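Coordinates in review
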Amino acid sequence: MQSAGDADEELLTLLDDENARTILVVTREQARSVDSLSDRCGADDSTIYRLVDRLLERELLTEHQELDPDGNHYKTYAARLERVEIQFTDDGVRIEVDRREPPADRFTRLYEEFTG
């Protein structure tokens, strides 16, 4: 089991990667495919897939299945990250991550609140 300190250290290391930060920035307003992210970052697909997997594990991205007009399936990725707060305390570093609520979850929550 990973300790909170290890998880925080892993997150800091991930966010230190320029390509990971670029992925989070460009997917804030529009979901993008690995090909698009690869072009934007100037990195090969395998590097982007590795970063996307790490960002998905940390729940900083969501994944969507798309269907193009030719009938091919591909995935796009959208950022869930709203804000990261880093605090330095007597006990070490504390990281808080605010994530966006996925649209389906938001709809369900709003519907349940409305119907009471």
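Structure's up top.
Right, let's walk through the structure included here. (Residues numbered from 1 in each chain as written. Predicted model: local features only at pLDDT ≥ 70, side-chain atom pairs only at ≥ 80, totals over all residues. Heavy atoms only, no water.)

What follows covers the overall build of the protein chain. The helix and strand inventory of the protein chain stands at five helices and four strands. Mapped in sequence order, the helices and strands of the protein chain form the string α-α-α-α-β-β-β-β-α. Residues counted as buried form 30% of the 116 residues belonging to the protein chain. Taking the intrachain contacts of the protein chain between residues at least 6 apart in sequence as the baseline, contacts between residues at least 24 apart amount to 42%. Accessible surface for the protein chain amounts to roughly 8000 Å². Of this, 46% is attributable to carbon and sulfur atoms. (Helix = DSSP H or I, 4+ residues; strand = E, 2+ residues; numbered from the N terminus. Buried < 20%, exposed > 50% of the residue type's maximum accessible area, 1.4 Å probe, protein only. Contact = heavy atoms within 4.5 Å. Areas by Shrake-Rupley, 256 points an atom, 1.4 Å probe, with all protein chains shown as cover.)

Once that is clear, we can look at the packing of helix 2 (residues 18–26) against helix 4 (residues 45–57). Two elements in contact, helix 2 and helix 4, have axes whose closest approach is 10 Å; the angle formed by their N-to-C orientations is 70°. Overall, the two elements helix 2 and helix 4 adopt an arrangement that is roughly perpendicular. Helix 4 is crossed by helix 2, and the crossing has right-handed handedness. Contacts between helix 2 and helix 4 involve N19, A20, I23 and L24 from the first element and T47, I48, L51, V52 and L55 from the second. When the residues that make up the contact of helix 2 with helix 4 are grouped by side-chain class, the tally is seven nonpolar, two polar and no charged. (Axes fitted to C-alpha atoms, helices over the stretch in contact; angles between N-to-C directions. Parallel < 35°, antiparallel > 145°, perpendicular 65-115°, else oblique. Left-handed = near helix turned anticlockwise from the far one by under 90°. Nonpolar A, V, L, I, M, F, W, Y, C, P; charged D, E, K, R; others polar.)

The next point concerns the pairing of strand 4 (residues 92–99). Where strand 3 (residues 81–89) lies against strand 4, eight bridges are found, and the strand directions are antiparallel. By the bridge assignment, I86 is partnered in strand 4 with I95. The turn joining strand 3 and strand 4, which pair antiparallel and follow one another in sequence, is formed by two residues. (Pairing = 2+ DSSP bridges.)

I23, L24, I48, V52, L55, L60 and L61 are the most contacted members of the largest nonpolar core, which totals 22 residues. Elements that contribute at least two residues to this core include exactly helix 1 (4–16), helix 2, helix 3 (34–41), helix 4, strand 2 (73–79) and strand 4. In contact with L24, other than residues within four places in its own chain, are L15, L55, L60, L61, A79 and L81. (Core = buried A, V, L, I, M, F, W, Y, C linked by side-chain atoms within 4.5 Å.)

This part covers the pattern of salt bridges. The final tally for this structure, using the stated rule, is four salt bridges. Here K75 ties to E63 by a salt bridge, and the two come within 3.6 Å at their closest N and O atoms. Taken as a pair, K75 in strand 2 and E63 in strand 1 (residues 61–67) lie far apart in primary sequence, 12 residues in all. The partly exposed category is assigned to K75, whose relative accessible area is 36%. A salt bridge links R94 to E96, with the nearest nitrogen and oxygen atoms 2.0 Å apart. On the basis of relative accessibility, which here comes to 39%, the residue R94 falls in the partly exposed class. Using a relative accessible area of 31% as the deciding quantity, one classes E96 as partly exposed. Linked by salt bridges that have partners in common, R83, E85 and D98 make up one network. (Salt bridge = Lys/Arg side-chain N within 4 Å of Asp/Glu carboxyl O.)

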